[in-house]
Amino acid sequence: MLSDTNNNTVNSNNPLNNNNNNNNINNNNNINNLKKNLYQQKKKTYENGSIYIGDLDENSQRNGKGKLTFSNGNSYEGNFKQDKFNGYGKFIDVINKSTYEGQFENDEKNGQGKETFIDGTVYIGQYKNDKRNGFGKITFGNGSTYEGGFVNDKVEGKGVFRWYNNAKVYNGYWKNNSLEGFGCFIQDNNKKYIGYFKDNKKEGIGLNYFYKTNKFIISNWINDKLEGIAIYLSSDQELEIWEMKGNRTKKRYLENSEKQNMKHSQEYINLKKFFESIKDCEYVDENMNLNVNL
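All figures in this text were calculated on a predicted structure; none of them were measured in a lab.

(A) A look at the overall build of the chain. A tally of regular secondary structure across the chain gives 3 helices and 21 strands. Put simply, the chain has 294 residues, and 34% of those count as buried. For the chain, the exposed area adds up to about 18100 Å²; of that, 45% sits on carbon and sulfur atoms.

Printed below as a string of structure tokens:
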């Protein structure tokens, strides 16, 4: 309790007497804010010539939002955490003439992102460890597109490639940027191959179908060439057996009884069913089997 000169009692808890206390609190807050702002939106120049403008913490580390311009002209603008790119940001690569917008983690592209190149090529999809990993779609400058799996920046797994004029479509499996495994390839809206590939070449059992003449050939392929026995079905449903060797074809015409036996064989029936199920090349599975022995 305090007394004034007239011995009147004054209560120290009177809110009217808290002005000084409030001023002290406000001054302290202002000082703290001033200290905090000293480390925010500041410019920092590094020995290598790089320049940063943005949020800095009390240890002068990049934390928060900012822009880092490198001495070679490349730049990153976005979120930082402990001096590294973390969160959403935009990286402009003037050397390789590309721009990436998306998620970062520890200075690397990680998560969903979009990358644009000078020739008009655009990739939208998943990244991991600074590379295209997972599912994505790439549209090339000439209009061709690929949509499917990526592993370490390369096309791998299941995917669909469409050529720019839509004359060719491949739906199937890839490895190391090459056709590898089971797939369906449509060419010029005239013929279609359903079967196996290795290093971009037909390898193993495959089916060739010709739209205009409505005929197909089941055969074995070695290094992109027909090799061994082939079953040929013409547009009028006539069956033939071909023996393929390099570029030479030796035909063996079947007797009527042989044709009938083949047409009614379970293997041939399975083959026809398989072809009907995949003729549009919309559904392709690596476990598919042509179920035919040549």
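(B) A look at the nonpolar core. In this structure, Phe85, Tyr146 and Trp174 are the most contacted members of the largest nonpolar core, which totals 24 residues. If we skip the residues at most four places from it in the chain, Phe85 touches Leu68, Phe70, Tyr76, Asn79, Phe80, Phe91, Phe104, Glu105, Asn106 and Asp107. Judged by nonpolar contacts, the second largest core, of 10 residues, contains Cys184, Ile194, Ile231 and Leu233.

(C) Up close: the pairing of strand S11 (residues 131-139). For strand S10 (residues 122-128) and S11, the ladder comprises 6 bridges, and the chain directions are antiparallel. Opposite Ile124, over in S11, you have Lys137 as the bridge partner. Counting the residues that bridge the hairpin from S10 to S11 gives 2 residues, and of these Asn129 lies at a positive phi of roughly 55°. The pairing of S11 with strand S12 (residues 145-151) spans 6 bridges and is classified as antiparallel. Across the sheet, residue Gly134 finds its bridge partner in S12, namely Phe150. Where S11 folds back onto S12 in an antiparallel hairpin, the turn is made up of 5 residues, including Gly143, whose phi is positive at roughly 105°.

How each quantity is defined
Once a new chain begins, its residue numbering starts again from 1 and follows that chain's sequence as written. Confidence filtering applies because this is a predicted model: local features only for residues at pLDDT of at least 70, side-chain atom pairs given and counted only at 80 or more, and all residues used for totals across whole chains, interfaces and linings. With hydrogens and water set aside, each side-chain value is computed from the structure's full complement of heavy atoms. In this description a helix means any DSSP run of H or I spanning at least four residues, a strand means any run of E spanning at least two, and both kinds are numbered starting from the N terminus. For the exposure calls, accessible area comes from a 1.4 Å probe over protein chains only, and a residue counts as buried if that area is under 20% of its type's maximum, exposed if over 50%, partly exposed in between. Note on areas: these come from Shrake-Rupley sampling with a 1.4 Å probe, and a residue is covered only by the protein chains present in the view. Put simply, buried Ala, Val, Leu, Ile, Met, Phe, Trp, Tyr and Cys residues joined by side-chain atoms within 4.5 Å make one nonpolar core. What makes two residues a contact is simply this: any of their non-hydrogen atoms within 4.5 Å. By definition, two strands form a pair when at least two bridges between them are found by DSSP.

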